[in-house]
Amino acid sequence: MLYERIDKEIHDAAVNDDRFALETLRLIKAEFLKYRASKEALKTPICDAVEITLMQRMMKQRSDAAELYMKGNRPDLAEKETAEAECIGKFLPKEPTEDEIVDEIHSVISRLDLEPVKRNMGVIIKGVKEKYPTADGKKLAAVVSAMLT
């Protein structure tokens with residue numbers, strides 16, 4: 001799980017006196033702990049997929065904040081938010097290519113014995129997300145929609 005890896009990285013950052021990395025890693029750990037204490041954790045215990053989702057949300061928040069800071073003429077704060085997003089992104093698996101998504105769509109359709117029609121789109125997307133939790137939802141939906149009749 002990413003939680004243990006983050007703990008190790010926190011220790012390494014503290015030993016190396018890397019204050020920026022230490023602060024960012026502590027933010028990630030705090031987000032995981034907050035999730036574990038939430039009611040949502042009772043329904044869905046923390047696992048790799050949940051950790052990835054939390055980290056993706058954190059990256060998006062930082063990217064959005066950086067964009068707003070740039071519009072507000074605060075490049076110093078935008079740079080900090082961008083650096084935090086990059087630090088968080090180092091722990092996420094790479095996003096699948098379109099070819100990998102197409103292959104997995106075919107795999108899900110054949111594995112679940114589904115007809116390639118629009119009404120099965122949700123089931124297909126869910127199946128692809130199981131293998132590729134970091135896949136962009138909009139991109140995935142567009143690819144699935146284009147493949148179905």
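Residues numbered from 1 in each chain as written. Predicted model: local features only at pLDDT ≥ 70, side-chain atom pairs only at ≥ 80, totals over all residues. Heavy atoms only, no water.

## Digging into the pattern of salt bridges
Within the structure shown, the criterion is met by twelve salt bridges. Among the ionic pairs, D12 bridges to K8, the shortest N-O distance being 2.9 Å. Taken together, the residues span about one helical turn, with D12 and K8 both in helix 1 (residues 2-15) at a distance of four residues. Members of the salt-bridge network, linked through shared partners, are R62, K80 and E84. (Salt bridge = Lys/Arg side-chain N within 4 Å of Asp/Glu carboxyl O. Helix = DSSP H or I, 4+ residues; strand = E, 2+ residues; numbered from the N terminus.)

## Quick word on the packing of helix 4 (residues 48-71) against helix 5 (residues 75-89)
Two elements in contact, helix 4 and helix 5, have axes whose closest approach is 8 Å; the angle formed by their N-to-C orientations is 160 degrees. The angle between helix 4 and helix 5 places the two elements in the roughly antiparallel class. When you trace helix 4 past helix 5, the crossing you get is left-handed. Here M55, M58, M59, R62, S63, A65, A66, Y69 and M70 of helix 4 come into contact with helix 5, specifically with P75, L77, A78, E81, T82, E84, A85, I88 and G89. Here the contact of helix 4 with helix 5 is built from residues that sort into twelve nonpolar, three polar and three charged. (Axes fitted to C-alpha atoms, helices over the stretch in contact; angles between N-to-C directions. Parallel < 35°, antiparallel > 145°, perpendicular 65-115°, else oblique. Left-handed = near helix turned anticlockwise from the far one by under 90°. Contact = heavy atoms within 4.5 Å. Nonpolar A, V, L, I, M, F, W, Y, C, P; charged D, E, K, R; others polar.)

## Digging into the layout of surface pockets
The computed volume of the largest pocket comes to approximately 290 Å³. Looking at the largest pocket, the residues that line it are Q56, R57, M59, K60, L92, P93, K94, E95, T134, A135 and D136. The class makeup of the residues in the lining of the largest pocket is four nonpolar, two polar and five charged. Quantified by volume, the second largest pocket comes out at close to 180 Å³. Contributing to the lining of the second largest pocket are E31, K34, Y35, S38, E40, T44, V50, T53, L54 and R57. (1 Å grid on protein atoms, 1.4 Å probe; cavity = no way out; pocket = protein on both sides within 12 Å on 5 of 7 lines; lining within 4 Å. Points joined across faces, edges and corners; volume = space filled by probe spheres on them.)

## Some details on the environment of F91
Structurally, F91 is set in the loop between helix 5 and helix 6 (98-111). Under the relative-accessibility criterion, F91 is labelled buried at 5%. Considered as a pair, F91 and L2 are 89 residues apart in the sequence and their alpha carbons are 7.6 Å apart. In this structure, F91 is in contact with L2, R5, I6, E9, L25, I28 and M55, ignoring residues within four places of it in sequence. (Buried < 20%, exposed > 50% of the residue type's maximum accessible area, 1.4 Å probe, protein only.)

In short, geometric facts, not functional conclusions.
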